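Each chain, written out:
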Amino acid sequence: MTLTRLLVDKTDISRARLGDVQEVALADGQVRVAVERFALTANNITYAVFGDAMHYWDFFPSGEEGQGIVPVWGFGDVVQSCHPGVAVGERLYGYFPMAQTVVLAPTRLSPEGFSDASAHRAELHAVYNRCQRCACDPFYRADTEDLQALLRPLFTTSWLIDDFLADNDFFGARDKGQAAVMLLSSASSKTAYGTAFMLAQRKGIEVIGLTSAANKVFCEGLGCYHRVLTYDQIDTLPADTRCIYIDFAGNALLRLAVHTRFAQLAYSCAIGGTHVAELGGAKNLPGPKATLFFAPAQIKRRTIEWGAAVLDERLIAAWRALVERVSDAKSPWLLVRHHRGAEQALAVYREVLAGKADARIGHIVSMRP
């Protein structure tokens, strides 16, 4: 049987194409999962941008020189099993390839889920190797699958960013009783507004979204930013503003402008790379070093300190509050659009990569015909 994947040139992620591969027979201990639906957002573009640096290309090797498969978060169904602990028909949530199927080697099974023990993933971070069994997943609700695919991994990052900054007492930005200003680039992105949703609930914090002129009204309508500025308006903020820069855009010139403008920049937190055409290095910047945030490290820290049960309890409570707000019938933050077929998947990838996607739209894709 021939299966289709979406392949991306590792040296130029704008060069994407569909590629076929023959289905391989399962070995003992393996399962085949049909990737039924997945979210395609700016977060996946970040995976491609940092594919080499953060080993995202290593999760699902394409077998073709120079070609990568972008990981996505979504849902799949077990369609074939050579593992006694995983049944055909089980529905899973996890980190999958942008492809029609994936072969996994389940290990560390529990009622809640299992990890993939495929040899090529042995050195990769455990957070991404875990699949959740929907039947026992406390996050899961059948009527919110689309929102979970679109927002759960992003909001987990958002929640951890907020927790990380609070854990470090906002790096002294609230010193002397002054409100700490959080500057969030790419404010219309889902990870950014999830972070703003959390930060806005804290005392002594002012959350300012930085965005394009085209997305300013959208960001203002979310209600989680105290103020929204376009990128050319950062000079309207006083140069002595005590602030933290939370960078989802990865725009090198914008980063330089922020570091140059604010003499009391307490911390510079690099998250993503939504501005693909403007990405660049972060060396020789005025002020603090731009430091890459790695969500799994904060998960590990809190798991050790709090225990997994407490971590999940706090995260799930925050998640449910976000879902309630995002799906509010009168003023939803997100409208879901479904796409089916490999050609549509390629089209959506190109649209999101080009930055042309409507911030209000959440794309859910199935590569299956």
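Residues numbered from 1 in each chain as written. Predicted model: local features only at pLDDT ≥ 70, side-chain atom pairs only at ≥ 80, totals over all residues. Heavy atoms only, no water.

Caption draft 1: Spotlight on the packing of aromatic side chains. With the rule as written, the count across this model stands at 24 aromatic pairs. Here the aromatic rings of Phe-60 and Tyr-95 are separated by 6.3 Å at their centres, their planes lie at 45°, and the arrangement is tilted. With a gap of 35 residues between them, Phe-60 in the loop between α1 (42-49) and β4 (67-68) and Tyr-95 in strand β6 (residues 91-97) connect regions that are remote in the sequence. Its relative accessible area of 6% is what places Phe-60 among the buried residues. Geometrically, the ring pair formed by Trp-73 and Tyr-95 is tilted, given 4.8 Å between the ring centres and 50° between the ring planes. With a gap of 22 residues between them, Trp-73 in strand β5 (residues 71-81) and Tyr-95 in strand β6 connect regions that are remote in the sequence. For the pair formed by Trp-73 and Tyr-95, the shared burial category is buried. Aromatic rings pair up to connect Tyr-47, Tyr-56, Phe-59, Phe-60, Trp-73, Phe-75, Tyr-93, Tyr-95, Tyr-128 and Tyr-140 into one cluster. The ring of Phe-139 carries Arg-152 above its face, with NZ or CZ at 3.9 Å from the centroid. For Arg-314, the ring lying beneath its charged end belongs to Trp-306, and the centroid distance is 4.1 Å. (Phe/Tyr/Trp six-rings, centres within 6.5 Å; stacked < 30°, edge-to-face > 60°. Helix = DSSP H or I, 4+ residues; strand = E, 2+ residues; numbered from the N terminus. Buried < 20%, exposed > 50% of the residue type's maximum accessible area, 1.4 Å probe, protein only. Lys NZ or Arg CZ within 6 Å of the ring centre and 35° of its normal.)

Caption draft 2: Seen up close, the environment of Thr-4. With respect to the helices and strands, the residue Thr-4 is situated in strand β1 (residues 2-9). Counting along the chain gives 97 residues from Thr-4 to Thr-101, while the straight-line C-alpha distance between them is 8.4 Å. The contact partners of Thr-4, leaving out residues within four places of it in the chain, are Leu-18, Gly-19, Asp-20, Ala-99, Gln-100, Ala-342 and Met-367. Among the polar contacts made by the side chain of Thr-4, one reaches the side chain of Asp-20 at a distance of 2.9 Å. (Contact = heavy atoms within 4.5 Å. Polar contact = N/O pair within 3.5 Å; in protein donor to acceptor, adjacent residues only side chain to side chain.)

Caption draft 3: Fine view of the environment of Thr-195. Among the secondary structure elements, Thr-195 is positioned in helix α4 (residues 190-199). Of the residues examined, Thr-195 reaches a relative accessible area of 0% and is grouped as buried. With 62 residues separating them in the primary sequence, Thr-195 and Ala-257 have C-alpha atoms 22 Å apart. Setting aside chain neighbours within four positions, we find Thr-195 in contact with Ser-158, Ile-161, Leu-184 and Phe-248.

Caption draft 4: Representation of the side chain of Ser-268. Turning to its location among the elements, Ser-268 is positioned in strand β15 (residues 265-270). Here the side chain of Ser-268 touches His-259 through a polar contact of 2.9 Å, side chain to side chain. Excluding residues that lie within four positions of it along the chain, Ser-268 makes contacts with Tyr-245, His-259, Pro-288, Lys-289, Ala-290 and Thr-291.

Caption draft 5: Structural detail: unusual backbone geometry. Unusually for a residue other than glycine, Asp-169 sits at a positive phi of about 50°. For Asp-169, the location among the structural elements is in the loop between α3 (145-167) and β11 (180-184). The phi torsion at Phe-170 lies on the positive side, around 50°, for a residue other than glycine. Mapped onto the secondary structure, Phe-170 falls in the loop between α3 and β11.

Caption draft 6: Here's a closer look at the packing of α3 against helix α8 (residues 308-326). Running from N to C, α3 and α8 cross one another at 125°; their axes reach a closest spacing of 10 Å. As the angle between them shows, α3 and α8 are arranged oblique. Along this stretch, α3 crosses α8, giving a crossing that reads as right-handed. Of α8, the residues touching α3 (which contributes Leu-147, Gln-148, Leu-151, Arg-152, Phe-155, Thr-156 and Trp-159) are Leu-311, Arg-314, Leu-315, Ala-318, Trp-319, Leu-322, Val-323 and Val-326. (Axes fitted to C-alpha atoms, helices over the stretch in contact; angles between N-to-C directions. Parallel < 35°, antiparallel > 145°, perpendicular 65-115°, else oblique. Left-handed = near helix turned anticlockwise from the far one by under 90°.)

Caption draft 7: How the structure looks around the sheet that holds strand β14 (residues 243-247). One open sheet holds the six strands; their spatial order is β13-β12-β11-β14-β15-β16, and the pairing between them is parallel. Two strands bound the open sheet, and with one partner strand each, they are β13 (227-230) and β16 (290-292). Ignoring which end each strand starts from, the neighbouring axes of this sheet average 25° apart. Direction of pairing for β11 relative to strand β12 (residues 205-211): parallel, over a ladder of five bridges. Residue Val-181 lies in a different strand from β12, and its bridge partner there is Glu-206. The strands touched by α3 are β11, β14 and β15; relative to β14, the strand with the most contacts, the crossing angle is about 155°. (Pairing = 2+ DSSP bridges.)

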